[in-house]
Amino acid sequence: MNKKELNEIKKNFSDDSGYFTINSILSVYIDPEKNIKYRETKPHSIIPDDEREVITESLKKVLTGSIGKHLVEYEFPQEAYEDGGAQKVLYELVTTKLKDEQAVTDYLEKITKNIDYAASFTILTAHCTYSIKRKNKNDEDDMDNITEEYNFIITGICPANTNDIGLYFDEETKTIAKKSNTEMVISKIPTDGFIYPVFSDRAPDVNHIMYFVKKPDKPNISIVENVLDCIFTMSAQKQKARFQQVLNTVVSDELDYNVITQVNDKIREVVDLSKNETEAATINEKQLKHILSEAGVSEEKLQALEPAYKTLVGDVGLTAANIADNKTVVVTPDVTINIKKDAAGKLKTSMIQGRNCLIIDLDDPNIVVNGLPTVLK
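If you're wondering where the values come from, they're calculated on a predicted model, not measured in any experiment.

Undergrad: Quick question: what am I supposed to make of empty space enclosed by the protein here?
TA: It is a probe the size of a water molecule, rolled over the atoms, that shows where empty space is left. Tallying each qualifying case throughout the model produces two cavities of 30 Å³ or more. Considered as a void within the structure, the largest cavity measures approximately 80 Å³ in volume. Lining the largest cavity are 13 residues, with Lys69, Val72, Pro219, Phe232 and Ser235 positioned closest to its centre. Mapped by element, the contributors of at least two residues to the lining of the largest cavity are strand 3 (71–75) and strand 12 (208–213). Among the residues making up the lining of the largest cavity, the classes are represented as nine nonpolar, three polar and one charged. Volume-wise, the second largest cavity comes out at about 40 Å³. Lining the second largest cavity we find Ala86, Val89, Leu90, Tyr107, Lys110, Ile111, Val227 and Leu228. Of all the secondary-structure elements, those providing two or more residues to the lining of the second largest cavity are helix 3 (86–95) and helix 4 (101–112).

Structure follows, in structure tokens:
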């Protein structure tokens, strides 16, 4: 499911779209001990407008963020379609349109028995239908040519907590007092979620699922591995850490300011060039070797790249957007310098009178110090 296909579903995920329908909603409340305290499936059409709006807004969040960062597509292993496997459970849920009680029970058991979630939470699951508009020869939607329906479920897992809502004025006693909210408030923004099957090549792909995480540096691995039966891949934060490990291991004593900034600039170029592409750009060991070579890393060092990459990363590419920095940050024990995206070349390192120095090229001698304008003389 690429960026273009994701945007197509997200764009039409609305009651105002004539090609999209939310058929039914499954709402489930689960306490910290994984006991189901509430479970109900309703036709979407009978839910009050204000409640329906909140549910739709929450579920649409599962379609937001960057592919490869907030959204990661997983392929089911073959055993996932065996009895009790995630793919079979989800497939039954889609084909029965949330109307089969046993299919819903199996689905909820799969979640409650396998999820690692410390607090109370709510599961919102919708069965949806999107009428696929075929394209004409100009790659435009052909409104008169709808040949297939994409039926899918989308799930958002929303935490529920009590809120301390601070002080209030008591009109009756004419006093200000602390007001506590003892009712569980369900977050409108899911921490995790998924969509199944994915929309790939503008058709359903039942062998893949898209997992969503609100905070890419804190994925819930139990959902991916134990609920969805997939093999977890590195988070965006982990990819960045492994990339830095590769550089430290391979380049070592040649890793200076110029090499670091040139490598980052090259990777940012890859990200910028792929902005309009449907697939997220990746960097593999061969591309990284070329980038390091252009940055001036010696051939002797580059010979160690492939084994280091295989050990630290494996056989997969790193998502370019996850390993590129949008600014350069130079940190010393006493000084931190934040350099904007295209200004890394304005800073240089040099030895002056036996001392290591950072030199900043200034196009304008007028600077601001502690909020006060001044001029370098």
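After that view of the structure, there is still more to cover.
Undergrad: Looking at this model, I keep getting lost on helix 4. Mind explaining?
TA: Spanning twelve residues, helix 4 covers 16 Å between terminal C-alpha atoms, matching the ideal 16 Å at 1.5 Å per step. When helix 4 is considered as a whole, its buried residues turn out to be Ala103, Val104, Tyr107, Leu108, Lys110, Ile111 and Thr112. Capping the start of helix 4 is the job of one residue whose side-chain oxygen sits 3.0 Å from the backbone nitrogen of Gln102: Asp100.

What counts, and where the lines are drawn
- Residues numbered from 1 in each chain as written.
- Predicted model: local features only at pLDDT ≥ 70, side-chain atom pairs only at ≥ 80, totals over all residues.
- Heavy atoms only, no water.
- 1 Å grid on protein atoms, 1.4 Å probe; cavity = no way out; pocket = protein on both sides within 12 Å on 5 of 7 lines; lining within 4 Å.
- Points joined across faces, edges and corners; volume = space filled by probe spheres on them.
- Helix = DSSP H or I, 4+ residues; strand = E, 2+ residues; numbered from the N terminus.
- Nonpolar A, V, L, I, M, F, W, Y, C, P; charged D, E, K, R; others polar.
- Expected span 1.5 Å × (residues − 1).
- Buried < 20%, exposed > 50% of the residue type's maximum accessible area, 1.4 Å probe, protein only.
- Polar contact = N/O pair within 3.5 Å; in protein donor to acceptor, adjacent residues only side chain to side chain.

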